Amino acid sequence: KSIDDGVTWSTVDDFANGGTSTTQAEGMARDSLGNLYVAGTAANASAARLVLRKSTNAGATWSTIDDYSQSPLSPMYGTGIAIDSSDNLYQMSNFAGLNCWVRRSTNGGASWNDVLVNPFGGFCNAGQLAVDTTNRVYAFVSYRFNTPID
């Protein structure tokens, strides 16, 4: 966090997954009430999960409001988050390294519904999300072909 136009910075959340693991923050968004959300991944040797953290006090404290994996054998990587003007949350992920997935929460992350699952039928790399002024949600994804190049 910076309070001097980026001259100096301080750590406001040092989330750790525990044990020998890694965590990655991949996206951050703010709702109309000033709540901050950080979406990312928590991984260890057996699983990778989507993690969503929330701060209601400008980053002074954080709590995990979503920690999700479809299966211990199928890693989920959080790649982005966006919030529309109605404070609906959208979280993008990559499932098992092959499928793009967007979930929406209309209640601050208490529950989620799938709104986009694997639009290309496989081999999709999830990217970021954006919302425009008319609440259109844009998902940046890339499709990869597994075709050898001669």
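Here, every reference points to the structure presented above.
Remember, it's a predicted structure, so these values are computed and weren't measured experimentally.

This part is about the environment of Tyr-138. Within the secondary structure, Tyr-138 sits in strand E10 (residues 137-143). Each C-alpha atom, one on Tyr-138 and one on Gln-128, is 8.3 Å from the other, the two residues being 10 residues apart in sequence. Leave out the neighbours within four places in its chain, and Tyr-138 touches Gln-128, Leu-129, Ala-130 and Asp-132. Here the side chain of Tyr-138 touches Asp-132 through a polar contact of 3.0 Å, side chain to side chain.

As enumerated under the stated definition, the model contains 2 salt bridges in all. Note that Asp-66 and Arg-103 form a salt bridge whose closest N and O atoms lie 2.3 Å from each other. With Asp-66 in strand E4 (residues 63-68) and Arg-103 in strand E7 (residues 99-105), this residue pair connects regions lying 37 residues apart in the sequence. Classification of Asp-66 by relative accessible area gives buried; the value is 11%. Residue class for Arg-103 comes out buried when judged on its relative accessible area of 4%. One salt bridge connects Asp-132 with Arg-136, and the closest N-O pair in it is separated by 3.7 Å.

Grouped together as the largest cluster of nonpolar side chains are 8 residues: Ala-29, Tyr-37, Ala-39, Leu-52, Ile-81, Ile-83, Leu-89 and Trp-112. Of all elements in the fold, only strand E2 (36-43) and strand E5 (76-83) reach the threshold of two or more residues within this core. If we skip the residues at most four places from it in the chain, Leu-52 touches Tyr-37, Val-38, Ala-39, Ser-63, Thr-64, Ile-65, Asp-66, Ile-81, Leu-89, Gln-91 and Trp-112. Formed by 7 residues, the second largest nonpolar core is a distinct cluster that contains Ala-82, Val-102, Ala-126 and Leu-129.

Turning our attention to the packing of aromatic side chains. Applying the stated criterion across every chain yields a total of 0 aromatic pairs. Seen from the ring of Trp-112, Arg-103 lies directly overhead, with NZ or CZ sitting 4.5 Å from the centre.

All right, on to the side chain of Arg-53 then. On the secondary structure map, Arg-53 appears in strand E3 (residues 48-55). Using a relative accessible area of 11% as the deciding quantity, one classes Arg-53 as buried. Of note is the side chain of Arg-53, whose polar atom sits 2.8 Å from the side chain of Thr-64. Beyond its immediate stretch of four places on either side in the chain, Arg-53 contacts Asp-13, Phe-15, Leu-36, Tyr-37, Val-38, Trp-62, Ser-63 and Thr-64.

Quick notes on the rules
- Residues numbered from 1 in each chain as written.
- Predicted model: local features only at pLDDT ≥ 70, side-chain atom pairs only at ≥ 80, totals over all residues.
- Heavy atoms only, no water.
- Helix = DSSP H or I, 4+ residues; strand = E, 2+ residues; numbered from the N terminus.
- Contact = heavy atoms within 4.5 Å.
- Polar contact = N/O pair within 3.5 Å; in protein donor to acceptor, adjacent residues only side chain to side chain.
- Salt bridge = Lys/Arg side-chain N within 4 Å of Asp/Glu carboxyl O.
- Buried < 20%, exposed > 50% of the residue type's maximum accessible area, 1.4 Å probe, protein only.
- Core = buried A, V, L, I, M, F, W, Y, C linked by side-chain atoms within 4.5 Å.
- Phe/Tyr/Trp six-rings, centres within 6.5 Å; stacked < 30°, edge-to-face > 60°.
- Lys NZ or Arg CZ within 6 Å of the ring centre and 35° of its normal.

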